[in-house]
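Coordinate inspection notes
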Amino acid sequence: MVKEKVKYLSAVFISIFAHAGHITKEDANEISGLDNHEFEKAYDAASNITEKTKQAKGQKRDRFMEHFF
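Residues numbered from 1 in each chain as written. Predicted model: local features only at pLDDT ≥ 70, side-chain atom pairs only at ≥ 80, totals over all residues. Heavy atoms only, no water.

1. Re the packing of helix H1 (residues 2-19) against helix H2 (residues 25-32)
The contact between H1 and H2 brings their axes to 9 Å, and the two run at 160°. With respect to each other, H1 and H2 are oriented roughly antiparallel. The handedness of the crossing between H1 and H2 comes out as right-handed. Across the interface between the two elements, Lys7, Ala11, Ile14, Ser15 and Ala18 from H1 touch Lys25, Ala28, Ile31 and Ser32 from H2. Its residues placed into classes, the contact of H1 with H2 shows 5 nonpolar, 2 polar and 2 charged. (Axes fitted to C-alpha atoms, helices over the stretch in contact; angles between N-to-C directions. Helix = DSSP H or I, 4+ residues; strand = E, 2+ residues; numbered from the N terminus. Parallel < 35°, antiparallel > 145°, perpendicular 65-115°, else oblique. Left-handed = near helix turned anticlockwise from the far one by under 90°. Contact = heavy atoms within 4.5 Å. Nonpolar A, V, L, I, M, F, W, Y, C, P; charged D, E, K, R; others polar.)

Shown next as structure tokens:
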């Protein structure tokens, strides 16, 4: 159970890079090692995180983005 959660969170993290344009969605899917259905859930979660981050303003967001990418 814990391994599956870690794999899912890793897929979300990888998918954020895909949403940012650093890698393709297909590359993220391959790297994740998840089946397509599970990967799509992680990719959707990453989409929400990416949108919320883009909407945030101020120094905290800028610092986060600086360290994240």
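2. Structural notes on the packing of aromatic side chains
Counted according to the given criterion, the structure contains 2 aromatic pairs. For the pair phenylalanine 13 and phenylalanine 17, a centre-to-centre distance of 5.3 Å together with 75° between the ring planes defines the contact as edge-to-face. Here the residue phenylalanine 13 and the residue phenylalanine 17 both occupy positions in helix H1, the gap between them amounting to 4 residues, near one helical turn. Note on phenylalanine 17: relative accessible area 22%, which makes it partly exposed. Between phenylalanine 39 and tyrosine 43, the aromatic rings sit 5.7 Å apart at their centres with planes inclined by 40°, giving tilted as the arrangement. Taken as a pair, phenylalanine 39 and tyrosine 43 lie in helix H3 (residues 36-55) at a separation of 4 residues, close to a single helical turn. Accessibility assignment for this pair places phenylalanine 39 and tyrosine 43 in one class, buried. Its guanidinium or amino end placed over the ring of tyrosine 43, lysine 25 lies 4.5 Å from that ring's centre, counting from NZ or CZ. (Phe/Tyr/Trp six-rings, centres within 6.5 Å; stacked < 30°, edge-to-face > 60°. Buried < 20%, exposed > 50% of the residue type's maximum accessible area, 1.4 Å probe, protein only. Lys NZ or Arg CZ within 6 Å of the ring centre and 35° of its normal.)

3. Considerations on the confidence of the model for the protein chain
For residues with low pLDDT, the predicted coordinates do not support detailed interpretation. Averaged over all residues, the pLDDT of the protein chain is 87; the fraction at 70 or higher stands at 90%. The spread of mean pLDDT over the elements of the protein chain runs between helix H4 (residues 59-68), the lowest at 67, and H2, the highest at 96. (pLDDT = per-residue confidence, 0-100.)

4. Quick look at the nonpolar core
Core analysis: the biggest nonpolar cluster contains 11 residues, these being Ala11, Val12, Ile14, Ile16, Ala18, Ala28, Leu34, Phe39, Ala42, Tyr43 and Ala46. Elements supplying a minimum of two residues to this core: H1 and H3. No other element matches the 5 residues that H1 contributes to this core. (Core = buried A, V, L, I, M, F, W, Y, C linked by side-chain atoms within 4.5 Å.)

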